[in-house]
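# Geometric and topological summary
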Protein chains: 2
Amino acid sequence: MKPSIPKGTRDFSPVEMARRNYIFDTIRTVFRLYGYNPVETPAMENLSTLMGKYGEEGDKLLFKILNSGEFLKGVEPELLDGEHYPRLTSRLCEKGLRYDLTVPFARYVVQHRNELQMPFKRYQIQPVWRADRPQKGRYREFYQCDADVVGSDSLINEIELLQMVDEVFRRLNIRIILKLNNRKVLAGIAELIGFPDKIIDITTAIDKLDKIGLDNVNAELIERGLSQEAVDRLQPILAISGSLDQRLAALAELLAPSETGSLGVRELQTVINGVTSLGLTAELDLDVSLARGLNYYTGTIIEVKAADVQIGSISGGGRYDNLTGVFGMPGLSGVGVSFGADRIYDVLLALDLFPQEARATSTTVLFANFGNAEAAASLRLAKELRAAGTAAEVYPDTVKMKKQMGYADASKIPFVAIIGETELAERKVNLKNMTTGEQTLVDADAAEILKVILK
Amino acid sequence: MKPSIPKGTRDFSPVEMARRNYIFDTIRTVFRLYGYNPVETPAMENLSTLMGKYGEEGDKLLFKILNSGEFLKGVEPELLDGEHYPRLTSRLCEKGLRYDLTVPFARYVVQHRNELQMPFKRYQIQPVWRADRPQKGRYREFYQCDADVVGSDSLINEIELLQMVDEVFRRLNIRIILKLNNRKVLAGIAELIGFPDKIIDITTAIDKLDKIGLDNVNAELIERGLSQEAVDRLQPILAISGSLDQRLAALAELLAPSETGSLGVRELQTVINGVTSLGLTAELDLDVSLARGLNYYTGTIIEVKAADVQIGSISGGGRYDNLTGVFGMPGLSGVGVSFGADRIYDVLLALDLFPQEARATSTTVLFANFGNAEAAASLRLAKELRAAGTAAEVYPDTVKMKKQMGYADASKIPFVAIIGETELAERKVNLKNMTTGEQTLVDADAAEILKVILK
């Protein structure tokens, strides 16, 4: 019986770890350069914190922890008939695994409100868990990398977050399209066509524009209760085209009658002017059909697509004005972005963009093992190399050279240091470059070895 | 209703993260210098992997995940009477949170046996979860930092692991006592006094020597079924004293009649000679009462105590010859060490050993915000500083200077860059050193700013 792991979860081997850490390190470095500081929250949250925050479907996708001990004690027997799952579950389980990093962050801010310096800029890189049906590219355990700032409604935050997104993908060498929208623009559109209460229906439908096309979007709008007149009035907005500047100008004109809509356009302009004047590597795009996570976004909406790979969004975010309200702390504005590490991993792999350094081992020198006395000399030299910051290993067993070289080869260790009987007697080391096959005989001294391997 | 987190779990604030990362980074750097490579396993394992590996008590301490969907389906109604918890639990839950990193590692090795290059050296730094009663210094979620090598029975592995332990604590400036023992020595003792089958009873009792004293240990041995004669024969071993060399010699002599015991002493001698000849910062100690985790250790046993703080062991490990046997892969020898990050954290805090750099933010310069035009200039300079690797922030809101300076102060940001109306007009920046209060007026140029802050 071969052991296995739960479906939808993964083991990460050294080479996968190296690649994933390359992504995390890049993101973390950029977060830190912008003054975002790390926070971590527990894997388990009280279910009272998590339930009701992700919709009815989300509640079902939470992994719930069975209470310890006599978990049936006090549970009404009538709940055990298989007809009362939600109520029974809440009696059997007090805790669940976090579903995202946003709700735990909101909980964190409220719980620690008296210790926090506002504006509070935090980043968080941790796994989340969802009892989703596993499929290609969708896992039950995956990492999210979030940066958020709360306690400031300045658009400078948006500008810096977009610079961060741009910088992360520039460093990863992934060409991206940075799509922007603003919830106020969506509200303005709903207002303009006479259905201000239907903003969620309208945006849900037009969010599908890319996927299902204009005709189907229009049909869905009628289905969702809009009049034909409203759908007609929407068409000029959906038809806006041209350069970014032209589209912004057209949108400003069309939304002029709506105060909210106009404010949204002005916010977009400020953000777009801000980032373009600072210089952006990414291609910037305005997308009025962009509505992701609308339920809590209230201003800027951000989505990132890879330009050279067909894959969903690889990053996204936006502004929310009331994330902490549900925990009793209303009126705190925040804005943030989230990077999808798994999809970025897939993009880097598809485009062959992982750097050489992202390999399984950091070891530079493997000392082959020819016996006790030789190994003792190797251990001394290995210690000196490590003191100089160079990772070194001593092959632990005195086995055939073929096996030892095979280990170096499979582990992609660039140099093998050979101290056999002769070398030991002459206080020498024979260094074999595993890429070129070249051998160099040097004094048994760390400085001499470093000269060869750093060449 | 203020939100909270499950008892025994913790949030980590930026300053706690900085301190914890200082510990993790130190450990990780040393692991890598010795050629250990990172692996990660899922938080959830199948309960079939975890159950029965930690004793009956351990099974109870596993956090179990309630199956998704209609979890009562197919559960025999008679299991719901509150009298069949173990069986009912196994019907309600297929998965649990990992309890340590050792069992998941054994599972990993067996599952990936065909992909692994032996000897396989891996490290793993991940949280584990235990439904233990929370108390001071004991949490329900905490990190373990493990390094293990499997597929080699060479004592060179022990020597390198001890060097790693020594190097980690040397870098952390924690003075330690490195205690060693060998399971074969314990087996030899049991054999010598005529109760080879009682090795677990004997070692469980003598493991308490430090805590309960010799008389109580002897009483417990009788209670556990040893004869008075056997206890008498044990006394010379428990009375061994003198220098490390003297004690090793005495042990060798006393255990000479036992083949296993003698092998254990020789292994100890090889390991001790190996590490001392390479040079060790830590104080080395032989402790025949050391038996930790005996149930799977088969050779060397390692335990680390802080010399200057009264706290339990802060690191430990040993050799196990059959960790993967339970998963159907017998005969694979391994040896490893584990660092207790939480206790190390407490030791560093108690001894005030955290370095200055382990502070909440990495930001070096905060640009104060005096309005749109000034902020635009600040954003440009901040971008240049970041490109040069210096973390910089622009205060997002145009609020009173007092508030902005308060933010810099509370965040311990060392420099505030002021671009007011005058500075903007003259293309200057006023740099305030927040430690000395000194102000320096320089050209609005990243290179000029760097000259001041790197001085």
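Shown above is the structure to which this text applies.
This write-up is about the structure you can find in this document. This is a predicted model, so every value here is computed, not measured.

Rules and cut-offs
- Residues numbered from 1 in each chain as written.
- Chains lettered and ligands numbered in written order.
- Predicted model: local features only at pLDDT ≥ 70, side-chain atom pairs only at ≥ 80, totals over all residues.
- Heavy atoms only, no water.
- Contact = heavy atoms within 4.5 Å.
- Buried area = accessible area lost by both parts, 1.4 Å probe.
- Salt bridge = Lys/Arg side-chain N within 4 Å of Asp/Glu carboxyl O.
- Polar contact = N/O pair within 3.5 Å; in protein donor to acceptor, adjacent residues only side chain to side chain.
- Helix = DSSP H or I, 4+ residues; strand = E, 2+ residues; numbered from the N terminus.
- Nonpolar A, V, L, I, M, F, W, Y, C, P; charged D, E, K, R; others polar.
- Expected span 1.5 Å × (residues − 1).
- Buried < 20%, exposed > 50% of the residue type's maximum accessible area, 1.4 Å probe, protein only.
- Phe/Tyr/Trp six-rings, centres within 6.5 Å; stacked < 30°, edge-to-face > 60°.
- Lys NZ or Arg CZ within 6 Å of the ring centre and 35° of its normal.
- 1 Å grid on protein atoms, 1.4 Å probe; cavity = no way out; pocket = protein on both sides within 12 Å on 5 of 7 lines; lining within 4 Å.
- Points joined across faces, edges and corners; volume = space filled by probe spheres on them.
- Least-squares fit on C-alpha atoms with pLDDT ≥ 70 in both.
- Pairing = 2+ DSSP bridges.
- Axes fitted to C-alpha atoms, helices over the stretch in contact; angles between N-to-C directions.

## Concerning the interface of chain B and chain A
If you look at the interface, chain B gives 99 residues, while chain A gives 99 residues. Here chain B meets chain A over a buried area of about 8,200 Å², counting both sides, of which 59% is carbon and sulfur. Residue B:Glu160 is joined to A:Arg386 by a salt bridge in which the shortest nitrogen-to-oxygen separation is 2.9 Å. On inspection of chain B and its partner chain A, the count reaches 40 residue pairs in polar contact (both at pLDDT 80 or more). Sort the elements by how many residues they give to the side of chain B that touches chain A and helix H6 (residues 156-171) of chain B lands first, with six residues. Residues of the side of chain B that touches chain A, tallied by class, amount to 47 nonpolar, 29 polar and 23 charged.

## Considering helix H12 (residues 259-278) of chain B
All names here are of chain B. With 20 residues, H12 extends 29 Å between its outermost C-alpha atoms, agreeing within 8% with the 28 Å of an ideal straight helix rising 1.5 Å per residue. For H12, the set of buried residues is Gly261, Ser262, Gly264, Val265, Glu267, Leu268, Val271, Ile272, Gly274, Val275 and Leu278. Just downstream of H12, Gly279 is the residue with a positive phi angle, here 90 degrees.

## A word on the environment of B:Glu160
Assignment of secondary structure puts B:Glu160 in helix H6. A relative accessible area of 3% places B:Glu160 in the buried class. Sequence spacing of B:Glu160 and B:Leu278 is 118 residues, and the spatial spacing of their C-alpha atoms is 10.0 Å. Apart from the residues lying within four places of it in its own chain, the contact partners of B:Glu160 are A:Leu379, A:Arg386, A:Val394, B:Tyr34 and B:Lys121.

## Some points on the packing of aromatic side chains
In the structure shown here, the tally under the stated rule is 26 aromatic pairs over all chains. With a centroid separation of 4.9 Å and 50 degrees between ring planes, the pair formed by A:Phe24 and A:Tyr143 is classed as tilted. Note that A:Phe24 is positioned in helix H1 (residues 14-33) and A:Tyr143 in strand E6 (residues 141-150), a separation of 119 residues in sequence. Judged by relative accessible area, which is 3%, A:Phe24 ranks as buried. With centroids separated by 4.9 Å and ring planes inclined at 80 degrees, the aromatic side chains of A:Tyr85 and B:Phe71 adopt a geometry described as edge-to-face. With A:Tyr85 in helix H4 (residues 85-92) and B:Phe71 in the loop between strand E3 (64-66) and helix H4 (85-92), this residue pair bridges two chains. Taken together through their ring pairs, the aromatic side chains of A:Phe31, A:Tyr123, A:Phe169 and A:Phe339 make up a single cluster. Seen from the ring of A:Tyr34, B:Arg386 lies directly overhead, with NZ or CZ sitting 3.5 Å from the centre.

## What to know about the environment of B:Asn372
Structurally, B:Asn372 can be placed in helix H14 (residues 372-387). Spatially, the C-alpha atoms of B:Asn372 and B:Thr398 are 8.3 Å apart, while their sequence positions differ by 26 residues.

## Focus: unusual backbone geometry
Residue A:Met118 is joined to A:Pro119 through a cis peptide bond whose omega torsion reads -5 degrees. Here A:Pro119 lies in the loop between helix H5 (102-111) and strand E5 (120-129). Although it is not a glycine, A:Lys412 sits at a positive phi angle of roughly 55 degrees. Looking at A:Lys412, the relative accessible area reads 58%, which means it is exposed. The backbone of B:Arg427 shows a phi angle near 50 degrees, a positive value even though the residue is not glycine. Within the fold, B:Arg427 resides in the loop between helix H16 (421-426) and strand E15 (428-433). Owing to a relative accessible area of 67%, B:Arg427 belongs among the exposed residues under this scheme.

## Digging into empty space enclosed by the protein
Residue and element names in this part refer to chain B. Throughout the structure, instances matching the rule amount to one cavity of 30 Å³ or more. Reported here for the largest cavity is a volume of approximately 30 Å³. Taken together, Phe105, Ala106, Val109, Val150, Tyr320, Leu323, Thr324 and Leu332 make up the lining of the largest cavity. Here the lining of the largest cavity is composed, by residue class, of seven nonpolar, one polar and no charged.

## Notes on the relation of the copies chain B and chain A
You can overlay chain B on chain A at an RMSD of 0.1 Å; the transform is a turn of 180 degrees with a shift of 0.0 Å along its axis. Taken together, the turn and the small shift mark the pair as related by a two-fold rotation axis. Identified as the residue of chain B closest to the rotation axis by C-alpha distance is B:Ile65, at 2.3 Å. Most of the interface of chain B is mirrored in chain A, where 100% of its interface residues are also at the interface.

## Describing the sheet that holds strand E9 (residues 300-306) of chain B
All names here are of chain B. Within the open sheet, the eight strands sit side by side as E1-E5-E6-E11-E10-E9-E7-E8. Their pairing is mixed. Since the sheet does not close on itself, it has two edges, and those belong to strand E1 (37-38) and strand E8 (283-286), each with one partner. Here strand E6 (residues 141-150) runs beside strand E11 (residues 334-340); their pairing, made up of seven bridges, is antiparallel. Residue Asp148 lies in a different strand from E11, and its bridge partner there is Gly336. Running over the sheet, H12 touches strand E7 (176-182), E8 and E9 and is turned about 150 degrees from E7.

## Concerning the pattern of salt bridges
Summed over all chains, the structure comprises 51 salt bridges over all chains. As a salt-bridge pair, B:Asp11 and A:Arg107 come within 2.6 Å of each other at their nearest N and O atoms. In this pair, B:Asp11 is assigned in the segment before helix H1 (14-33) and A:Arg107 in helix H5, connecting two distinct chains. A:Arg170 is the salt-bridge partner of A:Glu167, the closest N and O atoms lying 2.9 Å from each other. Taken together, the residues A:Glu167 and A:Arg170, both in helix H6 (residues 155-171) and three residues apart, mark about one turn of the helix. Among the residues examined, A:Glu167 registers a relative accessible area of 15% and is labelled buried. When salt bridges that share partners are traced, they join A:Lys198, A:Asp201, A:Lys208, A:Glu220 and A:Arg224 into one network.

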